[in-house]
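# Residue-level structural notes
Single-letter residue listing:
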Amino acid sequence: VVEDILSVGGGEGTLSFYDLRAAKYLDLESNNGLPYLRTGRGYLKEDAVFRMHFSHQQTNNTVYTHCFDPTRTKLFVGGGPLPFGLCG
């Protein structure tokens, strides 16, 4: 929580910002009004587990952690694939 704004990572590679005072998600004008940011594709290790179980379906990255720098002008977001056995 930074100044009454709660940031929340999601399972579809999304990052949302919730205003605790207004009790609603922030509208992000730079993201066509959607209430979340979407992370990039990232890296997915296409090993035997991936080829056997996931090669014919879409696998999205999950936001596992995120933090602002001390000036609160930059945001680090880290994550990876959600399904068990996959590496990213």
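Scroll up a little and you will see the structure.
Presented here is an overview of the structure given in this document.

Turning our attention to the packing of aromatic side chains. Scanning the entire structure with this criterion turns up one aromatic pair. Arranged with centres 5.0 Å apart and planes meeting at 75 degrees, the rings of Y18 and Y25 form a pair that is edge-to-face. A residue is classified by how much of its surface remains accessible, and Y25, at 43% relative accessible area, is partly exposed.

For the largest pocket, the calculated volume is near 330 Å³. For the largest pocket, the lining is made up of 19 residues, of which R41, L44, T59, N60 and N61 are closest to its centre.

A contiguous nonpolar patch, built from F68, L75 and V77 and spanning about 190 Å² of accessible area, is present on the exposed surface. Judged by its relative accessible area of 31%, V77 is partly exposed.

The backbone phi angle of A23 is positive, close to 60 degrees, even though this residue is not glycine. Inspection of the secondary structure assignment puts A23 in the loop between β2 (14–19) and β3 (24–25). Classification of A23 by relative accessible area gives exposed; the value is 51%. The backbone of R72 shows a phi angle near 60 degrees, a positive value even though the residue is not glycine. Among the residues examined, R72 registers a relative accessible area of 48% and is labelled partly exposed.

A pair can form between side chains of opposite charge whenever their charged atoms are brought close. Evaluated as defined, the whole model comprises two salt bridges. Between R72 and E3 there is a salt bridge whose closest N-O contact spans 2.9 Å. A residue pair is termed long-range when its members are at least 10 positions apart, and R72 in the loop between β5 (61–68) and β6 (75–81) and E3 in the segment before β1 (5–9) qualify at 69 residues. For E3, a relative accessible area of 63% corresponds to the exposed category. A salt bridge links D4 to R21; the shortest N-O distance between them is 2.6 Å. In this pair, D4 is assigned in the segment before β1 and R21 in the loop between β2 and β3, connecting sequence segments 17 residues apart. We classify D4 as partly exposed; its relative accessible area is 27%.

Bringing the pairing of β1 into the picture now. With five bridges connecting them, β1 and β2 associate as antiparallel partners. Paired with G9 across the bridge in β2 is L15. Hairpin connection from β1 to β2: four residues lie between these consecutive antiparallel strands, with G13 at a positive phi of about 70 degrees.

What counts as what
Residues numbered from 1 in each chain as written. Predicted model: local features only at pLDDT ≥ 70, side-chain atom pairs only at ≥ 80, totals over all residues. Heavy atoms only, no water. Phe/Tyr/Trp six-rings, centres within 6.5 Å; stacked < 30°, edge-to-face > 60°. Buried < 20%, exposed > 50% of the residue type's maximum accessible area, 1.4 Å probe, protein only. 1 Å grid on protein atoms, 1.4 Å probe; cavity = no way out; pocket = protein on both sides within 12 Å on 5 of 7 lines; lining within 4 Å. Points joined across faces, edges and corners; volume = space filled by probe spheres on them. Patch = residues over 30% accessible without salt bridge, like charges linked within 9 Å, V, L, I, M, F, W, Y side chains within 5 Å. Areas by Shrake-Rupley, 256 points an atom, 1.4 Å probe, with all protein chains shown as cover. Salt bridge = Lys/Arg side-chain N within 4 Å of Asp/Glu carboxyl O. Helix = DSSP H or I, 4+ residues; strand = E, 2+ residues; numbered from the N terminus. Pairing = 2+ DSSP bridges.

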